[in-house]
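This is what each chain is made of:
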Amino acid sequence: MTTNFYRATLLKGFAMSNLLALLMVGLFKYTKLQDSGALVFSIFVIVPILMGIVSSWFWMKINLKSNALVGYSLINGSLAILFSYVFLREGVICLLIVSPLIFVFIIAGAFLGKRMFQKNNQTLNVSVFSLLFVVFVTDSLSEHNYVNLVADEMVINATPEQIWKHVVAFEKIEKKDDYWLFQIGMPSPAQTTVEGYYKGAGRKCIFSNGYTFDEKIVTYEPNKDLTFDIIGQPLDPEIMGHIDILRGQFLLKDNGNGTTTLIGNSWYRLHVFPIWYYDIWAKSITRNVHLRVMEHIKMLSEKG
Amino acid sequence: MKKDKVFSFVVRHLGFLKDVPLLPHVFDSLLKFRVFLRNPVLLDWLDEIEAEVLQWEGTVVGLHQYGGIQFDHKGKEIGHLHSNGLLDVLYTREMKLLLLKEGRIQPHHVFEKSGWISFYILTKEDKNYAKELLKIAYDQVQKKFATRKPYTAQSVSP
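Small disclaimer: the values here were computed from a predicted structure and weren't measured.

A.B. asks: Got a sec to walk through the overall build of chain B? Specific residues and values, please.
C.D. replies: Assigned secondary structure in chain B consists of six helices and six strands. Beginning at the N terminus, the succession of helices and strands in chain B can be written as α-α-α-β-β-β-β-α-β-β-α-α. Overall, chain B is about 60 × 35 × 30 Å in size when its C-alpha atoms are taken along their principal axes. When each of the 158 residues of chain B is scored for burial, the buried share is 45%. Of all intrachain contacts in chain B linking residues separated by at least 6 positions in sequence, the fraction that spans at least 24 positions is 56%. Total accessible area computed for chain B in this model is approximately 9200 Å², and 59% of it derives from carbon and sulfur atoms. Placing the 23 positive and 19 negative side-chain charges of chain B at their respective mean positions leaves the two points 6 Å apart.

A.B. asks: Can you lay out the overall build of chain A for me, pointing to particular residues and giving the numbers?
C.D. replies: A tally of helices and strands in chain A yields nine helices and seven strands. Its C-alpha atoms give chain A a radius of gyration of 24 Å, clearly above 19 Å, the size a compact globule of 304 residues would have. When its C-alpha atoms are laid out on the principal axes, chain A stretches across 75 × 35 × 30 Å. Counting over 304 residues, chain A shows a buried share of 52%. Residue pairs at least 24 apart in sequence account for 65% of intrachain contacts in chain A once pairs closer than 6 positions are excluded. In the form shown here, chain A has an accessible surface area of approximately 14700 Å², with 61% of it arising from carbon and sulfur atoms. Separation between the mean location of the 27 positive side-chain charges and that of the 24 negative ones in chain A comes to 12 Å.

A.B. asks: I'd like to hear about the interface of chain B and chain A, residue by residue, with values.
C.D. replies: Contact with chain B, which involves 17 residues of that partner, is made by 17 residues of chain A. Overall, the association of chain B and chain A removes approximately 1600 Å² of surface from exposure, summing both partners, and the carbon and sulfur fraction of that is 72%. Sorting the residues of chain B by area buried against chain A places Phe33, Phe36 and Asp47 of chain B first, and these three jointly supply 30% of that buried surface. Residues Glu50 of chain B and Arg115 of chain A are paired through a salt bridge, measuring 2.8 Å at the closest nitrogen-oxygen approach. For the pair chain B and chain A, the interface holds five residue pairs in polar contact (both at pLDDT 80 or more). Those elements giving two or more residues to the side of chain B that touches chain A turn out to be helix H2 (23-38), helix H3 (41-55) and strand E1 (59-63) of chain B. Tallying contributions element by element places H2 of chain B first for the side of chain B that touches chain A, with seven residues. Across the side of chain B that touches chain A, the residue classes break down as ten nonpolar, three polar and four charged.

A.B. asks: Report on the pairing of strand E6 (residues 116-120) of chain B, specifying residues and quantitative values.
C.D. replies: Residues and elements named next belong to chain B. Taking burial as the measure, the five residues of E6 include five buried ones, the bulk of the element. Alternating positions in E6 separate into two faces, Trp116, Ser118 and Tyr120 on one and Ile117 and Phe119 on the other, with burial throughout. Bridging between strand E4 (residues 86-90) and E6 involves five bridges; their strand directions are antiparallel. Directly across from Leu87, in E6, lies its bridge partner Phe119. Bridge count for strand E5 (residues 106-107) against E6 is two bridges, and the pairing is antiparallel. Each residue of the ladder has a partner; that of Pro107, found in E6, is Ile117.

A.B. asks: Go over the sheet that holds strand E2 (residues 189-194) of chain A, please, and point to the residues and values.
C.D. replies: All names here are of chain A. A sheet is described by the order of its strands in space; here seven strands give the open sequence E1-E7-E6-E5-E4-E3-E2, paired in antiparallel fashion. Edge positions in the sheet fall to strand E1 (146-156) and E2, since each of these pairs with one other strand and no more. Strand-to-strand twist in this sheet, taken as the mean axis angle between neighbours without regard to direction, amounts to 25°. Of the pairings in the sheet, the one linking strand E3 (residues 202-207) to strand E4 (residues 212-221) comprises five bridges and is antiparallel in character. Within E4, the position partnered with Lys204 by the bridge is Asp214. Against the sheet, helix H7 (residues 160-168) contacts E1, E2, E3, E4, strand E5 (225-232), strand E6 (243-254) and strand E7 (260-270), and its axis sits at roughly 165° relative to E6.

A.B. asks: Lay out the environment of His64 of chain B in plain terms, naming residues and giving numbers.
C.D. replies: Residue and element names in this part refer to chain B. Here His64 shows up in the loop between E1 and strand E2 (69-73). Overall, His64 belongs to the buried group, its relative accessible area being 5%. Distance in space between the C-alpha atoms of His64 and His25 is 8.4 Å, their sequence separation being 39 residues. Polar side-chain contacts of His64 include one of 2.9 Å to the side chain of Gln70.

A.B. asks: Lay out the state of the cysteines with the relevant residues and their values.
C.D. replies: Residues and elements named next belong to chain A. Within this structure, the stated rule accounts for zero disulfides over all chains. Take Cys94: it sits in no disulfide, and the sulfur closest to it among the cysteines is that of Cys205, at 18 Å. Residue Cys205 is classed as buried on the basis of its relative accessible area of 11%.

A.B. asks: Can you lay out helix H3 (residues 46-59) of chain A for me, pointing to particular residues and giving the numbers?
C.D. replies: Relative to the 20 Å expected for 14 residues at 1.5 Å per residue, H3 of chain A spans 20 Å between its end C-alpha atoms, a close match to the ideal helical length. Summarising burial for H3 of chain A: 13 of the 14 residues are buried, a large majority.

A.B. asks: Quick rundown of a nonpolar patch on the surface? Include the residues and the values.
C.D. replies: All names here are of chain A. A cluster of nonpolar side chains, namely Met16, Leu19, Leu22, Leu23, Leu82, Tyr85, Val86, Phe87 and Val92, defines an oily patch on the protein surface of about 880 Å² accessible area. Mapped by element, the contributors of at least two residues to the nonpolar patch are helix H1 (3-30) and helix H4 (66-87). Residue Leu22 is classed as partly exposed on the basis of its relative accessible area, which comes to 42%.

A.B. asks: Before we move on, can you summarise the domain arrangement of chain A with the specific residues and values?
C.D. replies: Residues and elements named next belong to chain A. Taken domain by domain, chain A holds domain 1 (3-141) and domain 2 (146-303). Inspection of the region where domain 1 meets domain 2 yields four residue pairs in polar contact (both at pLDDT 80 or more). Broken down by secondary-structure element, the contributors of at least two residues to the side of domain 1 that touches domain 2 are helix H2 (41-44) and helix H5 (92-119). Tallying contributions element by element places H5 first for the side of domain 1 that touches domain 2, with nine residues. Taken together, the residues of the side of domain 1 that touches domain 2 sort by class into 15 nonpolar, three polar and two charged.

Basis of the calculations
Residues numbered from 1 in each chain as written. Chains lettered and ligands numbered in written order. Predicted model: local features only at pLDDT ≥ 70, side-chain atom pairs only at ≥ 80, totals over all residues. Heavy atoms only, no water. Helix = DSSP H or I, 4+ residues; strand = E, 2+ residues; numbered from the N terminus. Buried < 20%, exposed > 50% of the residue type's maximum accessible area, 1.4 Å probe, protein only. Contact = heavy atoms within 4.5 Å. Areas by Shrake-Rupley, 256 points an atom, 1.4 Å probe, with all protein chains shown as cover. Lys, Arg positive; Asp, Glu negative; His and termini not counted. Charge placed at Lys NZ, Arg CZ, Asp CG, Glu CD. Rg over C-alpha atoms; globule rule 2.2 N^0.38 Å. Buried area = accessible area lost by both parts, 1.4 Å probe. Salt bridge = Lys/Arg side-chain N within 4 Å of Asp/Glu carboxyl O. Polar contact = N/O pair within 3.5 Å; in protein donor to acceptor, adjacent residues only side chain to side chain. Nonpolar A, V, L, I, M, F, W, Y, C, P; charged D, E, K, R; others polar. Pairing = 2+ DSSP bridges. Axes fitted to C-alpha atoms, helices over the stretch in contact; angles between N-to-C directions. Disulfide = S-S within 2.5 Å. Expected span 1.5 Å × (residues − 1). Patch = residues over 30% accessible without salt bridge, like charges linked within 9 Å, V, L, I, M, F, W, Y side chains within 5 Å. Domains from an automatic or database assignment.

See the structure below:
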């Protein structure tokens, strides 16, 4: 086997599997199979598995060892991620989040393909491809809707009256980010401003990169309940089309001993699937947004 | 024998998911990914074991239903190899007891009282021992086929 043949075969594997992915994702996006604009689980699971199988079909001619097959599958996944950055204009943090899913399913597909093609059974090959394609189409046509709530609470050594003024609006958070996603560039909450202290007033949650969430106060019960709907999200590629923050809420419960329990609730709708993977990230990010804000409120309230 | 704690945890607590199509293979790919990052030489050893077993007459390799690769001889399983280097082999009870006395293997990580055994490949010597273990199982299966009475019309007649 010559070096040129080896390289050409490798390239064919990379090119054809990425072309297939591009076609499938393109077909999905531009035929608007999903009315809601959700990115279904097939995009992140079935497509990488098919990419792995297709690359394996080309690479079986050069009989790759396991280490090489894993390594080249990782390169293949990286190329797919790079193409998503260029063509789909996805954000860097988003791609970082999605990458473990892509890598694992591409590797799974590559080894599945290797074993499939070793058997040299055309019926099996056609069946596997057909089954995966049917799952892709069915999933793409199915309704996807997922709303979740994340709740956090914190005890503050202050009365509800002392805390309330910092809940409705607060000055800039100066504390350094301690959540790793914030540290590597994901915007973190920085400041909140308010038009007025009444129901219906506009509120703005400003993030570290200057992006702003426009909010409207829907429940205003001083020292007890501040609930606001999010009426405008920033056009940030990291969140656009992936997650909608629907509503936020701060509840204050007087513990009767000079302390207050502050509860932070956020409701969001996810547009990326599978839920079992993305909701872990959504919960983690939302929780860290809560904690950053609530710790700031605690610090301001306890200062007096 | 040093155990893979992550693997043991998943088998013990998430084992009920093993029948979800493709999931065991995805988990095995996750193990491959981890081995590739932390101990890539293990993947070479697994390839070497596979290549050697395939040289034995009548053996084939396929995907094991719960992840990893499975070695069969004439349709009967000899053993299977998970991508974290865990080898599971099936023996007669007598052979299992004999090998347990050598002290290198352990009863199977799930089915302790069956004829199955488990062995973690951690070193180059372990790799060679894994080949020996598979060869013993292969010889056993081969012997069983050799001693099996041929099927004739006479043998089933009353």
